[in-house]
Amino acid sequence: MEQPKGVDWTVIILTCQYKDSVEVFQRELEIRQKREQIPTRTMLLAVEDPEVHVGSGGATLNALLVAAEHLSARAGFTVVTSDVLHSAWILILHMALCLKLFCLSLLPPQGRDFPFDDCGRAFTCLPVENPQAPVEAVVCNLDCLLDIMSHRLGPGSPPGVWVCSTDMLLSVPPNPGISWDGFRGARAIALPGSTAYARNHGVYLTDSQGFVLDIYYQGTEAEIRRCGRPDGRVPLVSGLVFFSVETAEHLLATHVSPPLDACTYMGLDSGARPVQLSLFFDILLCMARNVRREDFLVGRPPEMGQGDVDIAGYLYGARAELWRELRDQPLTVAYVPDGSYNYMTNSASEFLHSLTFPGAPGAQVVHSQVEERQLLGAGSSVVSCLLEGPVQLGPGSVLQHCHLRGPIHIGTGCFVSGLDVAQSEALHGLELHDLVLQGHHVQLHGARSRAFTLVGRLDSWEALHKARHVLEARQDLSLRPLIRAAVYEGCPGPLMATLDQVAAGGGDPGVAARALACVADVLGCMAEGQGGLRSGPAANPEWVRPFSYLECGDLARGVEALAEERDKWLSRPALLVRAARHYEGAGQILIRQAVMSAQHFVSSVPVELPAPGQWVVAECPARVDFSGGWSDTPPLAYELGGAVLGLAVRLNGRRPIGARARRIPEPELWLAVGPRQDKMATKIVCGSLDDLQDYCQPHAPGALLKAAFICAGIVSVHSKLSLSEQLLCAFGGGFELHTWSELPHGSGLGTSSILAGAALAALQRAAGRAVGTEALIHAVLHLEQLLTTGGGWQDQVGGLMPGIKVGRSRAQLPLKVEVEEITVPAGFVQKLNDHLLLVYTGKTRLARNLLQDVLRSWYARLPAVVQNAHNLVRHTEECAEAFRQGSLPLLGQCLTSYWEQKKLMAPGCEPLAVRRMMAVLAPHVHGQSLAGAGGGGFLYLLTKEPRQKEALEAVLAKTEGLGNYSIHLVEVDTQGLSLQLLGTETSA
């Protein structure tokens, strides 16, 4: 490697991806200066690489600015001046320059961690040595690159700036034949590659004089062939660029021009919005002769969402500034036909091939002591090792930094690094093949230790088989750590592709829904905590097509269409979050289809049709949940199995929920929603099927009532008959349906589900059918899926069935709910009535977001959530036993535990005012909990003393900041759903 006098570098800058590594790499540069690999006059700088925000081009601009700052200061200037570049030879070595990040974007950077060396590709040890070196040392890739730049590529070049990646292995002949006569502009060094290799890399298209016409990345076959040389090979983008002083000055000038100022530490420290800039496909591309200005300015990554004016404008401005400064600078290619370029991938096979010598008669032994060299296989390599006794190494295997004591047999295809005698004993008697076994020095909380990793040579770092196995085997293991690793390591794409395959391939809606939820988690992780709340709407028109496939049961086409749409939403955090919401929306479609299986248990029997005008009135109590809530919520209800203990209750002696229905002569549907007093209700008349089309939009007026008519089979929105034709044919006229609730919105007492049950019961009876209560429970599940509100089964069980009972569903489909009435000691119901109170907190519950958060945590199989879900089911049985014993203190303990379980299931369900209220009430109660999902609504108390309404009102009256609360008497309802036929009356 010893060469004649090389370039007398003015500055060498090594950019580091991590702040903690700056000091280490600064020391590495200084060590090489002491070894006389770098001239003593050269200024050495290791700087933190802002590429994590600004890409390879931004990192180059930042390094150029830092070099100019230091040279300006050394020359006595107090401001940065480009004059210092005129007599400077600057070398920028990028530790983290990734040639696969070619597009200007606002995306987070892709990962560049290298699995085969803890210090990265630059410090990978090579099986070579320099016997003429003044200081003996192992040779790293960085040493080879320094030698190539100083003694082969750099000599003869004018003052300017060289940029060199350190993520590739280069071979350059001693005299590459590069002429610098009359040179100006920028020059890229291109090394030869096959057309097959070029399919995954960048290539230059040049004219006969070497001027660059275009640059392709992963080009088409036609584009790659167009770049071909007479020798049949193509000029690869090889991570090497030279900028003349003139061009470097133009590039440096952009650091004060928004938005490119955000590519440097100055701009970032000033609060500028980061923008990623590619060295090759932004800075160099604008100099390519065939690139038109209008095409360059609107260029964008293929995954960028269309119509995103904010991002498009930002990128347009950045590229416009580059075009203005650099377009007139010529860009040429110096092609080195006798050189070679190999990007250092994460493939163990490719890595071993680069460190071994296939076809060589013996092993390559460097800086090592080997006692029995005859045991080393042909073509293998040993670097920096001490091998005592019989250590056998197979052909094509590599040993580095090891002290081993035989007998040890390492077969073919192995890379072993960082082991010592202590680990040698563990290898005795084993024969290793196709393995990567590494020891690592780590420091945890100040304590130094060793860690060891073992993977197969043929293992794919991106195949992510764990995700497939966990999902298809329905394991309760969280994939969120794997998702984070995939995103941080830069391979979310392969993971999402695997999840797509799982979702589309199994035909199981439960597995598919969880896979889609995992895709949503990947997208959310890519947003890095930005872009807004994960929970939100999921009905953007762009997603209608994939959703329609899923609704029709075409899972494979639906997943494929989702992936196609997803690719348009990856450009910035806000779009990523919105895409995640729509993937969760897609999962809800599959949940709906699974819950629809409850229709198997819906049946009715014909009964006498009421006379026209005769009212059928259904009245229901509310429900209070004592244990197990959330376990009834799909998909927990059929994946885990649910168990909920609930009470049917009256408030202030009244049953607060009801519906009434009757037949009318007009072939229409008359709907009324609101208070029981008809005059104050909101009236809706549906005269055509078009008036029913919004039945699946929960916030549309009368949506629940419209869904009830469809669920009851009275009308079909897909029929070829008109609404009036359907009604006249089947019933000789239409229907009037009026529903009411005396409870506030978001009460937490199960209002909407119980109301749906009441509406269905009244409608079915008015239509001449009788439906049992258990059938109604399943019918409500069906209705709420039509309505798209989702939800579980505990509300209708609690309000339609009388008294104290436990509802259960098994971990299976079809979803079936079974109910057990709990028998309590004589007189206990009255005792319970004396000690049970409801407090309206004045806070409206926002249960929908809570539901989305819970489902997200369940699908992620977060360990705490999985354990808590199991506890909810188990504690329900304990609570049932406390009721059988008639023990108020035990029930109080159940309530207290239940509230803690609810808070763990749905963090954020305890508003501050409620927490304050519960703290004030705690000395007076055995236990307390917010009803339903929490977040507001009603708080229910089990008081230590009987009949405490007035006493507790006095306690709360003394507490400030509680808002508009009220305390209500409550009693167990022993009737449940009641249905009666009344006389006729004139409709309002």
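Residues numbered from 1 in each chain as written. Predicted model: local features only at pLDDT ≥ 70, side-chain atom pairs only at ≥ 80, totals over all residues. Heavy atoms only, no water.

Visitor: Lay out the nonpolar core with the relevant residues and their values.
Guide: L523, F626, L647, I714, F735 and F883 are the most contacted members of the largest nonpolar core, which has 177 residues in total. Looking at which element gives the most residues to this core, the answer is helix 16 (residues 509-526), with 13 residues. If near-sequence neighbours (up to four positions away) are discounted, L523 is found in contact with M496, R566, L570, L576, A579, A580 and Y583. Listed in part, the 60 residues of the second largest apolar core include A63, A190, L277 and L322. (Core = buried A, V, L, I, M, F, W, Y, C linked by side-chain atoms within 4.5 Å. Buried < 20%, exposed > 50% of the residue type's maximum accessible area, 1.4 Å probe, protein only. Helix = DSSP H or I, 4+ residues; strand = E, 2+ residues; numbered from the N terminus. Contact = heavy atoms within 4.5 Å.)

Visitor: Give me the lowdown on the pairing of strand 23 (residues 447-456), citing residues and values where you can.
Guide: Relative to strand 23, strand 22 (residues 435-444) is paired through 10 bridges, and the arrangement is antiparallel. Looking at strand 23, one finds that V436 is bridged to V455. Linking strand 22 to strand 23, which pair antiparallel, is a turn of two residues; within it H445 sits at a positive phi near 55°. (Pairing = 2+ DSSP bridges.)

Visitor: Please give an account of the pattern of salt bridges that cites residues and values.
Guide: Inspection of the entire model under this criterion finds 48 salt bridges. In this structure, the salt-bridge partner of D853 is R856, at a minimum N-O distance of 2.9 Å. Taken together, the residues D853 and R856, both in helix 27 (residues 847-859) and three residues apart, mark about one turn of the helix. You can call R856 buried: its relative accessible area is 13%. When salt bridges with common partners are traced through the structure, they connect R480, D521, R534, E584, D853 and R856 into a single cluster. (Salt bridge = Lys/Arg side-chain N within 4 Å of Asp/Glu carboxyl O.)

Visitor: Describe the packing of helix 17 (residues 544-551) against helix 18 (residues 555-566), listing the residues and the values that go with them.
Guide: Where helix 17 meets helix 18, the closest approach of the two axes is 7 Å, and the angle between their N-to-C directions is 165°. With respect to helix 18, the element helix 17 is oriented roughly antiparallel. Helix 17 and helix 18 meet at a crossing whose hand is left-handed. Contacts from R545, P546, F547, Y549 and L550 in helix 17 reach L555, R557, G558, V559, A561, L562 and E564 in helix 18. Split into classes, the residues belonging to the contact of helix 17 with helix 18 amount to eight nonpolar, one polar and three charged. (Axes fitted to C-alpha atoms, helices over the stretch in contact; angles between N-to-C directions. Parallel < 35°, antiparallel > 145°, perpendicular 65-115°, else oblique. Left-handed = near helix turned anticlockwise from the far one by under 90°. Nonpolar A, V, L, I, M, F, W, Y, C, P; charged D, E, K, R; others polar.)

Visitor: A description of helix 11 (residues 348-355) should follow, citing residues and the corresponding values.
Guide: Buried residues of helix 11: A348, F351, L352 and L355, and no others. Along the axis of helix 11, the buried positions cluster into a sector of 95°, meaning they face one direction only. The secondary structure elements touched by the buried residues of helix 11 are strand 14 (381-383), strand 17 (398-400), strand 20 (415-417) and strand 22. (Arc of directions from axis to C-beta.)

Visitor: A description of helix 14 (residues 480-488) should follow, citing residues and the corresponding values.
Guide: All of the buried residues in helix 14 are R480, L482, I483, A486 and V487. All buried residues of helix 14 project into a common sector of 155° when viewed along the axis, lining one side. Exposed side of helix 14, more than 90 degrees from the buried face: P481 and Y488 are the residues found there. Positive phi appears at G490, one or two residues downstream of helix 14, with a value of about 85°.

Visitor: Give me the lowdown on the packing of helix 16 against helix 19 (residues 573-595), citing residues and values where you can.
Guide: At their nearest, the axes of helix 16 and helix 19 sit 8 Å apart, and the two run at 170° to each other. Here helix 19 runs roughly antiparallel to helix 16, going by the angle between their axes. In this structure, helix 16 contributes P509, A512, A513, L516, V519, A520, L523, G524 and M526 to the contact, and helix 19 contributes L576, A579, A580, Y583, E584, A586, G587 and L590. Split into classes, the residues belonging to the contact of helix 16 with helix 19 amount to 14 nonpolar, two polar and one charged.

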